[in-house]
Amino acid sequence: MRRTIVIPTCLGLLLSIASAGRGLTPAGPDPAALLRASDRARGAAAASAGMSWSLNVVTKDGDESSEAAYTVKVRGDDALAEVVSPARQRGEKILFNDRTLWFSKPGLRKPVSISPRQKLMGDAANGDIASTRYARDYDGEVVGEETVNGVPSWRLELKARARNVTYDRIRYWISKRDRLGVRAEFLTLAGEAFKTADISYDNAMRIGAETFPFVSAMVIRDSLNTRRETVLRYQTPREEPHAASLFNVNNLAR
Amino acid sequence: MARARGIVIAHLALRNVLRNWRHSLATVVAIVAGFVAVAMFDGYLQDLRGQTSESAIHRGMLGHVIIEKQGARAHHFEEPWDYSLTVPEQRFVERFLLPWKSDGRERAALRVLLMSGLISNGRSSALFLGIGYDVQEGLAIRGENWAWDAIDGKPLHLATGPAMMIGKGLAGRFEARLPGELFQLSVTTEKAQVNAVNLAAAGAVDLMTREVNDTYVALPLQAAQDLLDTQQISRICVLLADPAAAPRFIREFTAAAAGEGLLLTATPWLDHPAAATAKGGLEILGVFRNLFLLVVVVVAGMSVANTAMKSVNERVREIGTLRSYGFRARDIQLLFSLEGLLLGLLACGVGIAIAAGAGALISSLGITYEAGVLSTPIPLRIAMAPGTWAASAAGMSLITFAAAWVVSGKRSRLVIAESLRYVA
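Residues numbered from 1 in each chain as written. Chains lettered and ligands numbered in written order. Predicted model: local features only at pLDDT ≥ 70, side-chain atom pairs only at ≥ 80, totals over all residues.

What to know about the overall build of chain B
Inference 1: Along its length, chain B carries 14 helices and 12 strands.
Inference 2: What you see for chain B is a C-alpha radius of gyration of 31 Å, clearly larger than the 22 Å of a compact globule of 424 residues, by over 25%.
Inference 3: For the C-alpha atoms alone, the extent of chain B along its principal axes is close to 100 × 50 × 35 Å.
Inference 4: In chain B, which comprises 424 residues, the proportion classed as buried is 46%. (Helix = DSSP H or I, 4+ residues; strand = E, 2+ residues; numbered from the N terminus. Rg over C-alpha atoms; globule rule 2.2 N^0.38 Å. Buried ≥ 20, exposed ≤ 12 C-beta atoms within 10 Å, placed from the backbone.)

Quick look at the structure:
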C-alpha cells in the first residue's frame, strides 16, 4: 500500500555544522574555506551546545498561498522542527538525524521515516534545500566571478562527495565581501537547473563573544513552475543549549 | 431381448413425449429459460475474459509471462532497487530467450522499468507512476490492434525527438495540448538523488483504469534509465507465439535460473499483481456465475421433478398395464427417465437456438456500460460458446433424467393390481 506523508512546510531550517573558517590560497579563494564560512551563516556555526530560531514559511502557487510557523532547534548534525501554526498541524515534528528524516505528530505511536521519494515533494524538497550542508557533502571549485542580486560573488561548481546526497551538483554563489552564500542552483544529473534558492542575511547570530551575519530569508523557486515560490523567514536566531536526547528518534513521539 | 426391450421403451418414451407435449410445456419452458440464461451469462463472461486478456496482454503490454526478481511482487514498491533486475540478470534472461526467439516461440520481450515521482507543467504538479519501456518491443507486444495507442496526440514510436506518453486523466488534469506540451518529471534516482528531465508529451493513452490513467507516464527505457541513473530494470514481459506454451516456458525458465543460482521468477500474466484488478473482476463474476448456475439447476430440477411427479401420478394405471405386459419396475423408471431426457434435449435444442440468436442480436446492438474503476465503457457482447452449450445441454438432460428416475421410483414398484385400481 502506498503511504503518503504530508510533510509540514518546515524543513527549511536545518543548517550545516561544518566549522567556520576563512582561508585563501595564494592563487585565490579556497573553495572549502568559502563553503565552511557560508555554511556558518546558515546555521552551521560550530555552536557548542545548540541554536534555536523561529521559522515562518510562506508558499505561493499562483494565486494560492499557505503559511506555517515552526520552532527550530539545532545541535551538531541534528535538528528538530516543530509546527506552531496552523493549529491543525500544531505538534507535528520533523527530526533531522544527519541525512535521515523522521516525521511524528500527536497520536502517532511511532515516528515515520521520510523516504527519498517523499523528499521530492513540496515542503520536504524545500527542507532538503534549506538544510544542504555544502562544506560537508560537496567538493567545490571556484569557476568564476559574477554579480548576484547586486552582490559581487564567487561562482562555485559543487559536486557531491557521496552519491546519497539529494543533489549531485550545485551551482553556488558566495559573496566576495562577507563569504555568504547568496544563491544556489540545484542541478539535475544532466546539469540543468532544477530549483533555485536566493538567500539573504539580515539577522545576526552571537556565539560566545563573536557575532556574525545570519540567514534571514531564503526564497526557493522551481525552474519550471515559476509561479510557485516558497519564502522561509528566519527569526530570533540565538545560541541555546539542547540536550542530545531531544534529537533521539526514540523520544520523538513522547 | 434386453435390446428389444430398450427399443420398445425408447419408442414408448418418444411417443409419450409427443402425445403429452402440452403437459410438458411448462417443464420445457423452465429448462429453456435456465439454459438460455446460463449460456448467455457464460457467453458474456467468455467475451469479457477475452477483452480482459487482450487489454492486459497486448494493450497493457504485460505479455503472457512476466519475469522479475523473486519477492518483487511484494516488495518492489518499498525497495525498488533491491527487487530490480541487474545487468547480469538481464543478460541471463536474454540468453535464455535466445532459442525461444530464434525459433519463433517468443514474439516480443519487453524490458520495463517502473518509476514514480512528480510531474509538472509549470502551472501545477502531480504524482506519477510510470514506466520506461523498449518502444519497438512495446509496439510488437501491442500488435496491430493497439499499435496506435494514443487517444490524443500520437503514439511514442511516431514521436519526433525525446517524448513521453501520459495517462488520459493526467492529460485532462493538466489540460495538456498534445502533441508537444512540455512537462518536467522529477524523481529520486537509484542512489536517492534528485533528478529531473523535461520531456514533451507526444500523446495521451487510456489504460482502461481511472486510477492508472490519473498517474500514468510512459517513456522510452533509455530515457527512464537516464532519469533514474540506473542500468537496472523492473521486469521483462514476454509475449509467446502460443499462449499455451506459458507453463512450459515458466518451468524451463525457473529451472535455468535456479541452475545459475539466480533469484528470478516467471509468472503468468493473470497471476501477476499488475493484472489483479482484471483477475479480481473475473473471479467475482465467476462466483456470480456459479451461484446463478446453482439456482438454475435447482429450479430446473424442481420443475422437472414436479412435472414428472404429476405425470407419474396421472399414469399409475398405465404403469399397471405396462407391468402386466411384463415390464419391470426398473423399465418403468427408465421409461419416465427417457421421457425426461428427451424433454431436456428438446428444451436445450430450443435453448441453443435462442441463446445464439439473442447473443448475436445483443452483440450487434453496440450497447456499452460503465464498470467500477474502469475509465472506458465496456461493450456488451455475448460470445458464441459451443462448449458451454454442450456442457449445459448434457447437464440439463442429466438433471431431467435423474429427476424423473427418482420421482417415478415409488409408483413403478406398486403391485400391479393396486396400480390398475389406482384412482388419482
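Things to note about the overall build of chain A
Inference 1: Each helix and strand counted, chain A has 3 helices and 17 strands in total.
Inference 2: When the 254 residues of chain A are sorted by exposure, 45% land in the buried category.
Inference 3: Counting only contacts in chain A whose residues sit at least 6 apart along the sequence, the fraction spanning at least 24 positions is 53%. (Contact = placed C-beta atoms within 7 Å.)

Some points on the interface of chain B and chain A
Inference 1: Taken together, the 19 residues of chain B in the interface contact 18 residues of chain A.
Inference 2: When the residues that make up the side of chain B that touches chain A are grouped by side-chain class, the tally is 6 nonpolar, 10 polar and 3 charged. (Nonpolar A, V, L, I, M, F, W, Y, C, P; charged D, E, K, R; others polar.)

Comments concerning the packing of helix α2 (residues 21–59) of chain B against helix α12 (residues 329–364) of chain B
All names here are of chain B.
Inference 1: Contact pair α2 / α12: the axes reach a minimum separation of 8 Å and the direction vectors enclose 45 degrees. One finds that α2 runs oblique with respect to α12. Judged by the sense of rotation from one axis to the other, the crossing of α2 with α12 is right-handed. Contacts from Ser-24, Thr-27, Val-28, Ile-31, Val-32, Phe-35, Val-36, Ala-39, Met-40 and Gly-43 of α2 reach α12 at Leu-343, Gly-344, Leu-346, Ala-347, Cys-348, Val-350, Gly-351, Ile-354, Ala-355, Ala-358 and Gly-359.
Inference 2: When the residues that make up the contact of α2 with α12 are grouped by side-chain class, the tally is 15 nonpolar, 6 polar and no charged. (Axes fitted to C-alpha atoms, helices over the stretch in contact; angles between N-to-C directions. Parallel < 35°, antiparallel > 145°, perpendicular 65-115°, else oblique. Left-handed = near helix turned anticlockwise from the far one by under 90°.)

Regarding the environment of Val-249 of chain A
Residue and element names in this part refer to chain A.
Inference 1: Tracing the chain through its elements places Val-249 in the segment after β17 (228–239).
Inference 2: C-alpha separation for the pair Val-249 and Gly-181, spaced 68 residues apart in sequence, amounts to 31 Å.
Inference 3: Beyond its immediate chain neighbours, meaning those up to four positions away, Val-249 contacts Leu-95, Asn-97, Trp-102 and Pro-111.

Notes on the confidence of the model for chain A
All names here are of chain A.
Inference 1: In the predicted model, chain A carries a mean pLDDT of 81, and 83% of its residues have values of at least 70.
Inference 2: At the low end of the mean pLDDT range in chain A sits strand β1 (residues 24–25), at 46; at the high end sits strand β11 (residues 169–175), at 95.
Inference 3: Counted against residues more than four places away or in other chains, residues 1–26, with its pLDDT under 50, gives 102 contacts. (pLDDT = per-residue confidence, 0-100.)

Looking at helix α13 (residues 386–412) of chain B
Inference 1: For α13 of chain B, with 27 residues, the first-to-last C-alpha span of 37 Å sits near the 39 Å given by 1.5 Å per residue.
Inference 2: Taking the largest bend as the criterion, α13 of chain B deviates by roughly 25 degrees, centred on Val-406 of chain B. (Expected span 1.5 Å × (residues − 1). Bend = angle between axes of the 7 residues up to and from the residue.)

Things to note about the pairing of strand β16 (residues 217–222) of chain A
All names here are of chain A.
Inference 1: Here β16 shows one buried face, formed by Met-218, Ile-220 and Asp-222, and one open face, formed by Ala-217, Val-219 and Arg-221.
Inference 2: The pairing of strand β13 (residues 193–200) with β16 spans 6 bridges and is antiparallel. Across the sheet, the residue bridging to Lys-195 is Asp-222, located in β16.
Inference 3: As paired strands, β16 and β17 are joined by 5 bridges and run antiparallel to one another. Looking at the pairing, Met-218 lines up with Leu-232 of β17.
Inference 4: Taking the residues that link successive antiparallel strands as the turn, the β16-β17 hairpin has 5 residues. (Pairing = 2+ DSSP bridges.)

What to know about the pairing of strand β2 (residues 106–120) of chain B
Residues and elements named next belong to chain B.
Inference 1: Most of β2 is tucked away: 13 of the 15 residues are buried.
Inference 2: Pairing analysis gives 9 bridges linking β2 to strand β3 (residues 125–133), with the strands arranged antiparallel. Each residue of the ladder has a partner; that of Gly-117, found in β3, is Phe-128.
Inference 3: With antiparallel pairing between neighbouring strands as the criterion, β2 and β3 make up a hairpin whose turn holds 4 residues, including Gly-122 at a positive phi of roughly 95 degrees.
Inference 4: Across 3 bridges, β2 lies against strand β6 (residues 182–188) in antiparallel orientation. Across the sheet, the residue bridging to Leu-118 is Ser-186, located in β6.

Points about the nonpolar core
Residue and element names in this part refer to chain B.
Inference 1: Counting residues in hydrophobic clusters, the biggest one holds 126 residues, and the most contacted among them are Met-164, Ile-166 and Leu-185.
Inference 2: Inspection of this core shows a minimum of three residues originating in each of domain 1 (2–57 + 278–421) and domain 2 (63–271).
Inference 3: In contact with Ile-166, other than residues within four places in its own chain, are Ala-171, Ala-176, Ala-201, Ala-204, Tyr-216 and Val-217.
Inference 4: Judged by nonpolar contacts, the second largest core, of 43 residues, contains Val-32, Phe-35, Val-38 and Ala-404. (Core = buried A, V, L, I, M, F, W, Y, C linked by C-beta atoms within 7 Å. Domains from an automatic or database assignment.)

Re the environment of Trp-81 of chain B
Residues and elements named next belong to chain B.
Inference 1: You can see Trp-81 is positioned in the loop between α3 (72–75) and α4 (87–102).
Inference 2: Accessibility expressed as a C-beta count within 10 Å gives 15 for Trp-81, which makes it partly exposed.
Inference 3: Setting aside residues up to four positions removed in sequence, Trp-81 forms contacts with Glu-190 and Gln-232.

Quick look at unusual backbone geometry
Trans is the prevailing form of peptide bonds, just as negative phi is the prevailing case for residues other than glycine.
Inference 1: Here the amide bond leading from Ser-85 of chain A into Pro-86 of chain A is cis, since omega sits at 5 degrees, within 30 degrees of zero.
Inference 2: A cis amide bond links Leu-178 of chain B to the next residue, Pro-179 of chain B, at an omega of -5 degrees.
Inference 3: Along the chain, Pro-179 of chain B turns up in the loop between α6 (168–174) and β6.
Inference 4: The residue Asn-149 of chain A is not glycine, and still its phi comes out positive at about 50 degrees.

Details of the packing of α12 of chain B against α13 of chain B
Residue and element names in this part refer to chain B.
Inference 1: Relative orientation of the contacting elements α12 and α13 amounts to 150 degrees, with a least axis distance of 7 Å. Relative to α13, α12 is oriented roughly antiparallel. When you trace α12 past α13, the crossing you get is right-handed.
Inference 2: When the residues that make up the contact of α12 with α13 are grouped by side-chain class, the tally is 18 nonpolar, 10 polar and 1 charged.

Things to note about helix α10 (residues 276–314) of chain B
Inference 1: Taking 1.5 Å of rise per residue, 39 residues should cover 57 Å, and α10 of chain B covers 56 Å from first to last C-alpha, within 8% of that figure.
Inference 2: Next to the buried residues of α10 of chain B lie α2, α12 and α13 of chain B.

As for the environment of Leu-12 of chain B
Inference 1: Among the structural elements, Leu-12 of chain B can be located in helix α1 (residues 2–19).
Inference 2: Along the primary structure Leu-12 of chain B and Glu-339 of chain B are separated by 327 residues, whereas in three dimensions their C-alpha atoms are 8.7 Å apart.

As for the confidence of the model for chain B
Residue and element names in this part refer to chain B.
Inference 1: On average, chain B scores 87 in pLDDT, and the residues at 70 or more come to 98%.
Inference 2: Strand β12 (residues 378–379) is the least confidently modelled element of chain B, averaging 76 in pLDDT, while strand β9 (residues 235–240) averages 96, the highest of any element.
Inference 3: Prediction confidence for the complex, expressed as pTM and ipTM, is 0.73 and 0.72 respectively.

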